[in-house]
Amino acid sequence: MNEKTPRFYIALAVGKLAARALTALGRNGGQIPGKIAETIDPDFLAHIDKPERIVFVTGTNGKTTTSNLLDDLLADNGFEPVTNRAGGNVANGIESSLIKNARFSGTQKAQFACMELDELSSRLVLPHVKPDILLVCNLYRDSFMRNANPDYIFDVISRNVSPDTELILNADDLISCRLAPQATKRTYFSIGRLPEDTDRPTGIVSDLTACPQCGAALDYEYCHLRHLGKARCVKCGFTNPEPDFEVTRVDREARTFTLRENREPGAPEQDYRIETYSLTNLYNLTAAVVVARRLGVPAADIAASLDHGINITKLRYSADEAAGVKLVNVAAKGENSTATSTAIGSICVEPGPKAVVLIMSDAYLAGSPYSSEYAGWYYQTDFEQLNDEQVKQIIVVGARGEDLMLRLRLAGVDSSRVSLVPDAETAAAKLALGGIDGAYIAYDIFNGDQATRCREALRARLESGEERVPHSTSPLAPIDTVPTDVSADQGAGAVVEVLFPEFGNQAGDNGNALYLRSCLPGATFIETAYGSEPAFATRHVDAVVLASMTESHQALAARALRPYASRLAELADEGVPMLFTHSAAEILGTTFGRPGGMREQGLGVLDFSTRQDMPKRYLCSLVGEFDPGDGSEAMTILGFKIQFTQMRGNNATRSFIKVDRGWGLAEGSTFEGFRRGGLIATWVLGPILPTNPRFARWFCEQITGRPIKLAFEKDAQLAYDVRYEELTKPLPKGKVINP
């Protein structure tokens, strides 16, 4: 512990006074006391005393639910935990909670704390607050603009965990179960095979598509959700750790599950109540029980607490009924593809015909003149689930709805069932109430007020006795392999190679290949998996695409493609269209940076190098001009740049875009990306093809050598026009629009 200074005591006193003043005003205080204290004493978190025992709960999804449940469970069993429910899970919120529990001397009153910890904030908190127990629920991809990718968050958490901390980890998550090898006290929990399990990861995108140790394929025995399950690497044998606590039975009718404690003599089992069943709730409840057991709470006492009312909160799943129609609000956590996919999946498995309202656009970003929501996450989300015959109507609400309308078309959802409206009240008025058993409102967690207004307006309509107009939708037609509205033979004869699709799926850039398939349904698409020889090495191809990937996959991709670097350069010079986006573009240079200051040899196809500044983030919106150079008209490219890197090289005469707003290879530069013959390397995200329809048409015509009709052109152009107006509006000097 650092020595306390006079500045610390002043910071603590002012922080405590601020907390008391906020309480007197009827406000919970939030992060304000911590912010004030840290402003006065920048090392405040290091200086303030800590409780003798500390439990932190972190992870991508479920940490708030699990932390709140654990707080209640422990309080019911004699603990008096310091919590941060009113403070927030970032560093200032934790400081605020410690301030409220501190005496003016700086010592803590209560000596046990159980707090939620934001995974990204762990780099600021863990060096100064070393928990006895750190529970990590899971690691999925979250908001790309904030959390980048699971590899990044893994590294942030892993490097800051004390060797003395006991880790409680999800054995079914082959990402988070590998955290912090320096921490040797480890407890694993798992859910055994369930009847509804699949034999491989589900969803359009999985966070773990290859072995995290060697990059080879994973052979799944079973999969519960996304990549959570039991698997083994076909090459190096990497597999799940053996669980210390394992769910062996689930009885949905009785609302119970059985947890076996494998490390105890005789492996005793205990039944626990789960009030609101879902797989995510089962994981959250299991994790909370395991922490309580590791703290010494008897299993029977935990079961008793769960039996008499302490259980998973229904805050994020709120069900009601009016005139025989279920009215359900489901929090979907916008910009988080896993949480939203799970929420939509839970809606679609509900019995009976239903209508769905999607309020996914972040209301705060929509209301800010300097922000624009990054829509790439739509291409990571399983909206394909909504192509269900029981879903009679879908209403999209919000400022970024045009992008979502296009994504729904690409998911194969019948456009006659979908409409876009500006607000929650209009959604409630437009929803047809006849012939449905339920109306389900999936909303971003910041849009809870809109979801409530929508449900109350629906209730008023139902209780007024108005005539229920039935839905006029016809039965769903079978979905083609490639959802599209263009001729089935468009692109016939063309061969498009998508390199390493199991790697190239970050930031929504998998949407580029998805859109190409819709625009060129007659083309042959070759998906080359890591470890296989690229098709372009030995046969004719008409295009090559490689999308954004994590830093670890980036290194594997570079090593796999180095033997074919000269062939790639040859094809580029021959004019073969190629699109390498974001981190995929970096491997085309001479060298690129890796975490920890290491350097990796690139392919040398382009003359530039990449500097990595992790954990610093470089973000900007981009507006620029692309001149095809073939006599066709120049076009405006819109997109975002969200990266850890800056490039060094001269691209003034061979750039992809001349920048009007934003920056190019590095902050302050005018030219973005590279062109070499048919090759385009760009750091523009969006994904760039569906969000820039004119460029998408041009790129497709380079592949086919003839004019094409763009898939869902009206939807794509409308989304582009809205984004163009947003990103090109006049701004005060020095201001930019960021995602």
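So, here is what we can say about the structure in this document.

Rules and cut-offs
Each chain has its residues counted from 1, running along the sequence as written. Only residues with pLDDT of 70 or above have their local features reported here, since the model is predicted, and side-chain atom pairs are shown and tallied only from 80 upward, although totals for entire chains, interfaces and linings are computed over all residues. For the side-chain quantities, the full set of heavy atoms in the structure was used; hydrogens and water were omitted. Secondary structure elements are defined from DSSP: runs of H or I of at least 4 residues count as helices, runs of E of at least 2 residues count as strands, and each element is numbered from the N terminus. For the radius of gyration, the atom set is restricted to C-alpha positions; the globular benchmark scales as 2.2 Å times the number of residues to the power 0.38. Under the scheme applied here, a residue whose accessible area is under 20% of the maximum for its type counts as buried, over 50% as exposed, and between as partly exposed, the area being computed with a 1.4 Å probe on protein chains only. Contacts between residues were defined by any pair of non-hydrogen atoms, one from each residue, lying within 4.5 Å. Residue burial considers only the protein chains on display, and all accessible areas are found by Shrake-Rupley using a 1.4 Å probe. By the counting scheme adopted, Arg and Lys are positive, Glu and Asp are negative, and His together with the chain ends is not counted. A single reference atom marks each charge: NZ on Lys, CZ on Arg, CG on Asp, CD on Glu. Two strands form a pair only when DSSP identifies at least two bridges running between them. Axis geometry follows a simple rule: fit a line to the C-alpha atoms, using only the stretch in contact for helices, then measure angles between N-to-C directions, giving values from 0 to 180 degrees. Only Phe, Tyr and Trp rings take part, Trp by its six-membered ring, and two of them pair if their centres are within 6.5 Å. Stacked means planes under 30 degrees apart, edge-to-face means over 60, and tilted covers everything else. Only lysine NZ and arginine CZ atoms are considered, and such an atom sits over a ring when it is within 6 Å of the ring centre and within 35 degrees of the ring normal. Note on terminology: a nonpolar core comprises buried Ala, Val, Leu, Ile, Met, Phe, Trp, Tyr and Cys residues joined through side-chain atoms within 4.5 Å. For each structure, a 1 Å grid was placed over the protein atoms alone; sets of points admitting a 1.4 Å probe that cannot get out are labelled cavities, open sets with protein on both sides within 12 Å along at least five of seven lines are labelled pockets, and lining residues have an atom within 4 Å of a point. Grid points are joined across faces, edges and corners, and a volume is the space filled by probe spheres set on the points. Ten residues, namely Ala, Val, Leu, Ile, Met, Phe, Trp, Tyr, Cys and Pro, are considered nonpolar, four, namely Asp, Glu, Lys and Arg, are considered charged, and the remaining ones, Gly among them, are considered polar. Each angle gets one of four labels, with under 35 degrees taken as roughly parallel, over 145 as roughly antiparallel, 65 to 115 as roughly perpendicular, and the rest as oblique. Two helices crossing with the near one rotated counterclockwise from the far one by less than a right angle form a left-handed crossing, whereas a clockwise rotation gives a right-handed crossing. For the purposes of these results, a polar contact is taken to be a pair of N or O atoms within 3.5 Å, where, inside protein, one atom must be able to donate a hydrogen and its partner to accept one; residues adjacent in sequence count only when each atom of the pair is a side-chain atom.

### Focus on the overall build of the protein chain
Right, on to step 1. For the protein chain, the count of helices and strands is 22 helices and 30 strands.
Right, on to step 2. In terms of overall dimensions, the protein chain is globule-like: its C-alpha atoms have a radius of gyration of 27 Å, near the 27 Å expected for 739 residues.
Right, on to step 3. Projected onto its principal axes, the C-alpha coordinates of the protein chain cover approximately 75 × 70 × 60 Å.
Right, on to step 4. A buried classification covers 59% of the 739 residues belonging to the protein chain.
Right, on to step 5. Relative to all contacts within the protein chain whose residues are 6 or more apart in sequence, the contacts with residues 24 or more apart total 72%.
Right, on to step 6. On the protein chain, roughly 28200 Å² of surface is accessible, and the fraction owed to carbon and sulfur atoms is 49%.
Right, on to step 7. The positive charge centre, built from 77 side chains, and the negative charge centre, built from 92, are 4 Å apart in the protein chain.

### With respect to the sheet that holds strand S9 (residues 256–261)
Right, on to step 1. Read across the open sheet, the 8 strands follow the order S2-S1-S3-S4-S5-S8-S9-S10; overall the sheet is mixed. In this open sheet, the two edge strands, each paired with only one partner strand, are strand S2 (112–116) and strand S10 (269–273). When strand polarity is set aside, the average angle formed by the axes of neighbouring strands in this sheet is 20°.
Right, on to step 2. Of the strands in this sheet, strand S1 (53–58), strand S3 (133–136), strand S4 (166–170), strand S5 (186–191), strand S8 (245–251), S9 and S10 are in contact with helix H9 (residues 279–294), which crosses S5 at around 150°.

### Structural notes on the packing of aromatic side chains
Right, on to step 1. The tally for this structure, following the rule as stated, stands at 22 aromatic pairs.
Right, on to step 2. Residues Phe656 and Phe695 carry aromatic rings whose centres are separated by 5.4 Å and whose planes lie at 55° to one another, so their mutual orientation is tilted. Placement of the pair is Phe656 in the loop between strand S26 (645–648) and strand S27 (657–661) and Phe695 in helix H21 (residues 693–704), with a sequence separation of 39 residues. Accessibility classification places Phe656 together with Phe695 in one group, the buried group.
Right, on to step 3. On the basis of an interplanar angle of 20° and a centroid distance of 5.9 Å, the ring pair of Phe695 and Trp698 is categorised as stacked. Of this pair, Phe695 and Trp698 both sit in helix H21, separated by 3 residues, roughly a single helical turn.
Right, on to step 4. Under the relative-accessibility criterion, Phe695 is labelled buried at 1%.
Right, on to step 5. Through a chain of ring-to-ring contacts, three or more aromatic side chains come together here, namely Phe626, Phe656, Phe695, Trp698 and Phe699.
Right, on to step 6. If you follow Lys16 out to its NZ or CZ, it ends over the ring of Phe104, 5.6 Å from the centre.
Right, on to step 7. Across from the ring centre of Phe644, 4.6 Å away, lies the NZ or CZ of Arg617, which sits over that ring.

### Examining the nonpolar core
Right, on to step 1. Grouped together as the largest cluster of nonpolar side chains are 66 residues, with contacts concentrated most on Leu358, Phe383, Leu386, Leu408, Tyr515, Leu689 and Phe695.
Right, on to step 2. Among the elements that make up this core, the one with the highest residue count is H21 (6 residues).
Right, on to step 3. Counting residues in each nonpolar core, the second largest holds 53 residues, with Phe154, Val156, Cys177 and Cys233 among its members.

### Examining unusual backbone geometry
Right, on to step 1. Of the consecutive residues Gly686 and Pro687, the connecting peptide bond is found in the cis state with omega at -5°.
Right, on to step 2. Turning to its location among the elements, Pro687 is positioned in the loop between strand S30 (679–682) and helix H20 (688–691).
Right, on to step 3. A positive phi angle, near 50°, is found at Ala323, a position not held by glycine.
Right, on to step 4. Structurally, the position occupied by Ala323 is in the loop between strand S11 (317–322) and strand S12 (325–331).

### Examining empty space enclosed by the protein
Right, on to step 1. Counted according to the given criterion, the structure contains 6 cavities of 30 Å³ or more.
Right, on to step 2. When its volume is computed, the largest cavity comes out at roughly 130 Å³.
Right, on to step 3. If you go around the largest cavity, you meet 17 residues; those closest to its centre are Met549, Glu551, His582, Ser583 and Phe644.
Right, on to step 4. Only helix H17 (551–561), helix H19 (583–586) and strand S25 (635–643) provide two or more residues apiece to the lining of the largest cavity.
Right, on to step 5. Of the residues in the lining of the largest cavity, the class split is 5 nonpolar, 9 polar and 3 charged.

### Describing the packing of helix H4 (residues 63–75) against H9
Right, on to step 1. Closest axis-to-axis distance for the H4/H9 pair is 9 Å, and the angle between their directions is 40°. If you check the angle between H4 and H9, you find them oblique. In this structure, H4 crosses over H9, and the sense of that crossing is right-handed. Contacts between H4 and H9 involve Thr65, Thr66, Leu69, Leu70, Leu73 and Leu74 from the first element and Asn284, Leu285, Ala287, Ala288, Val291 and Ala292 from the second.
Right, on to step 2. When the residues that make up the contact of H4 with H9 are grouped by side-chain class, the tally is 9 nonpolar, 3 polar and no charged.

### Points about the packing of H9 against helix H10 (residues 299–307)
Right, on to step 1. Two elements in contact, H9 and H10, have axes whose closest approach is 10 Å; the angle formed by their N-to-C orientations is 140°. One element, H9, and the other, H10, form an angle in the oblique class. For the pair H9 and H10, the sense of crossing is right-handed. Judged by residue contacts, Leu285, Val289, Ala292 and Arg293 of H9 engage Ala299, Ile302 and Leu306 from H10.
Right, on to step 2. Residue composition of the contact of H9 with H10, grouped by class: 6 nonpolar, no polar and 1 charged.

### Here's the deal with the side chain of Ser583
Right, on to step 1. Here Ser583 lies in helix H19.
Right, on to step 2. Assessed through its relative accessible area of 6%, Ser583 is described here as buried.

### Points about the environment of Thr484
Right, on to step 1. Of note, Thr484 is situated in the loop between helix H15 (448–463) and strand S17 (495–499).
Right, on to step 2. For Thr484, a relative accessible area of 24% corresponds to the partly exposed category.
Right, on to step 3. Excluding residues within four positions of it along the chain, Thr484 makes contact with Ser518, Pro521, Ala711 and Phe712.
Right, on to step 4. Side-chain polar atoms of Thr484 contact the backbone oxygen of Ser518, separated by 2.5 Å.

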